[in-house]
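Fold and geometry: a report
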Amino acid sequence: MLKMKIRVLVAKPGLDGHDRGAKVVARALRDAGFEVIYTGIRLTPEQIAEAALQDDVKVVALSLLSGAHNTLFPKVVELLRDKGLNDVLVIGGGVIPDTDIPGLKASGVAAVFTPGTPTGSIVDFINANTH
């Protein structure tokens, strides 16, 4: 039986102009065998949710450096759920204070990866939490 590749959308919500980390993660996921769709920078939560729907992804990986993660990450989760994408795994990464992580998880972000996280940890988390 042919195993389908896990499709991951890597997105940068908000006004961040720096996407090196997102590109590193996207490349690592691709190298690990995932099908990766990178949306580029400066997307609205609505654009991200629509892209997730149109591209039939299993994972949305959000990257943010601007400090707006407490607003933008939960908004993306809300919009995904509004579109019926209840089984899409949402993860986040970027410069996010440890004190903000519990609130993000409570909003539906499954995991938050901060600077210095080995990309293998992200790969392992996705593999362990998608079906």
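Our subject is the structure that appears above.
The model shown is predicted, which means the values in this text are computed figures rather than measured ones. (Residues numbered from 1 in each chain as written. Predicted model: local features only at pLDDT ≥ 70, side-chain atom pairs only at ≥ 80, totals over all residues. Heavy atoms only, no water.)

1. Considerations on unusual backbone geometry
Keep in mind that most residues, glycine aside, have a negative phi and that most peptide bonds are trans. Selection rule: Per the convention used, a helix needs a DSSP run of H or I reaching at least four residues, while a strand needs a run of E reaching at least two, with both numbered from the N terminus. Exposed residues in this analysis have more than 50% of their type's maximum accessible area, buried residues have under 20%, and partly exposed residues fall in between, with area computed by a 1.4 Å probe over protein chains only.
Positive phi is not limited to glycine here, since R42 has a value of about 60°. Checked against the element boundaries, R42 lands in the loop between strand 2 (35–38) and helix 2 (45–55). What makes R42 partly exposed here is its relative accessible area of 48%. For D56, which is not a glycine, the phi torsion comes out positive at approximately 50°.

2. Details of the packing of aromatic side chains
Going by this rule: Aromatic rings from Phe, Tyr and Trp, taking only the six-membered ring of Trp, are treated as a pair when their centres fall within 6.5 Å; an angle between ring planes under 30 degrees marks them as stacked, one over 60 as edge-to-face, and anything in between as tilted.
Per the stated rule, a full pass over the model turns up one aromatic pair. Their ring planes at 75° and their centres at 5.9 Å tell us that F113 and F125 sit as a pair that is edge-to-face. Note that F113 is positioned in strand 5 (residues 111–113) and F125 in helix 5 (residues 119–129), a separation of 12 residues in sequence. F113 gets classed as buried once you look at its relative accessible area, which sits at 14%.

3. A few points about the side chain of D19
The criterion, for reference: By definition in these notes, contact holds between two residues if any of their heavy atoms fall within 4.5 Å.
Topologically, D19 is positioned in the loop between strand 1 (7–11) and helix 1 (20–31). Residue classification places D19 among the buried residues on the basis of a relative accessible area of 17%. Once you skip the residues sitting within four places of it in the chain, D19 turns out to touch K12, Y38 and I41.

4. A short note on the sheet that holds strand 2
Filter applied, for reference: DSSP-based pairing: two strands are paired if at least 2 bridges between them are found. Angles shown run from 0 to 180 degrees and are taken between the N-to-C directions of axes, each axis being a line fitted to C-alpha atoms and, for helices, limited to the stretch in contact.
Taken in spatial order, the five strands line up as 2-1-3-4-5 in an open sheet, and their pairing is parallel. Unpaired on one side and paired on the other, strand 2 and strand 5 mark the two borders of the sheet. Geometrically, the sheet is characterised by an average inter-axis angle of 20° between neighbouring strands, direction not taken into account. Across four bridges, the pairing between strand 1 and strand 2 is parallel. Of the residues in strand 2, the one forming a bridge with V10 is Y38. Contacting strand 1, strand 2 and strand 3 (59–64), helix 2 crosses the sheet at an angle of about 160° to strand 1. Against the sheet, helix 3 (residues 69–82) makes contact with strand 3 and strand 4 (89–94), and its axis sits at roughly 160° relative to strand 3, the strand it touches most.

5. Points about helix 1
The cut-off we apply is this: Expected span of a helix, by definition, is 1.5 Å for each gap between consecutive residues, and there is one gap fewer than residues. The arc in question is formed by the directions pointing from the helix axis toward the C-beta atoms.
In a regular helix each residue adds 1.5 Å, so 12 residues correspond to 16 Å; helix 1 covers 16 Å between its end C-alpha atoms and thus fits that length. Of all the residues in helix 1, the buried ones are A22, A26, A28 and L29. Along the axis of helix 1, the buried positions cluster into a sector of 165°, meaning they face one direction only. Away from its buried face, by an angle of more than 90 degrees, helix 1 presents the exposed residues R20 and D31. Tucked inside the fold, the buried residues of helix 1 contact strand 1, strand 2, strand 3 and helix 5.

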